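What the coordinates show
Each chain, written out:
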Amino acid sequence: MSLQKCQTEGCDGQGCVTLEIIQAPLYEADANRFKVVCCECATSISDEVQKEHGLAKWREVVPVVGLPATIGSGSDSYPAKVTEVSASGKRIKVQRLCYHAGEGHDYFGTQVWVVTDEPEGDERVYTLRKNGRWIQQGDSINGQGIGLGFARAHQNPSF
Ligand SMILES: [Zn+2]
């Protein structure tokens, strides 16, 4: 499966994220509001748009090797990254990343985690289901999903 190039000028990244950018005032639907960009550009564009009180919706994320991911488990989240994508694009392998508390981390308030690579990290397989969600292989369609495009850690302090 080949992806088009990131639409940001001068960027050589793969266009794996379809963004719907809604500028303030939010009710104005611009015909050019869709943009296909790489994951890094999608993140920075989302931040920019938010600063201007607009909205950037991640409409579609096509997994590519190296794409950040977030594994949900109960009320906790674990950072991961995509390490393998099948030819059909409907089956991916993700690897857990390493994370530790960063500066300003507050377990009961704002959690700040520093995420780093973990070459020996646990690998899991996820498949794209009919409902459009990525679920761990072997689990039912209502099983715990995975988020693509960001690698976030969160621990629920009440457990
Ligand atoms: Zn880009």
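Residues numbered from 1 in each chain as written. Predicted model: local features only at pLDDT ≥ 70, side-chain atom pairs only at ≥ 80, totals over all residues.

**Section: the domain arrangement of the protein**
- Each assigned domain of the protein is listed here: domain 1 (4–61) and domain 2 (68–148).
- Each of domain 1 and domain 2 has a C-alpha centre, and the two are 23 Å apart. (Domains from an automatic or database assignment.)

**Quick look at the nonpolar core**
- By size, the foremost hydrophobic cluster in this structure holds 26 residues, and its most contacted members are A69 and V94.
- Mapped onto this core, the elements with two or more residues apiece are β1 (17–22), β2 (34–37), α1 (39–51), β4 (68–73), β5 (76–85), β6 (91–96) and β11 (146–148).
- The element that contributes the greatest number of residues to this core is β5, accounting for three residues.
- When we break this core down by domain, the ones giving at least three residues each are domain 1 (4–61) and domain 2 (68–148).
- Residues contacting V94, with those up to four places away along its chain left out, are A69, I71, A80, K81, V82, T83, E123, R124, Y126 and I146. (Core = buried A, V, L, I, M, F, W, Y, C linked by C-beta atoms within 7 Å. Buried ≥ 20, exposed ≤ 12 C-beta atoms within 10 Å, placed from the backbone. Helix = DSSP H or I, 4+ residues; strand = E, 2+ residues; numbered from the N terminus. Contact = placed C-beta atoms within 7 Å.)

**Things to note about α1**
- End to end, α1 covers 19 Å across 13 residues, agreeing with the expected 18 Å (1.5 Å per residue, within 8%).
- The complete set of buried residues in α1 reads C39, A42 and S46. Each buried residue of α1 lies within a common arc of 50° when the element is viewed along its axis, so the set occupies one face. Facing away from the buried side of α1, by more than 90 degrees, are the exposed residues S44, D47, E48 and K51.
- Buried residues belonging to α1 abut β1, β2, β3 (55–61) and β4. (Expected span 1.5 Å × (residues − 1). Arc of directions from axis to C-beta.)

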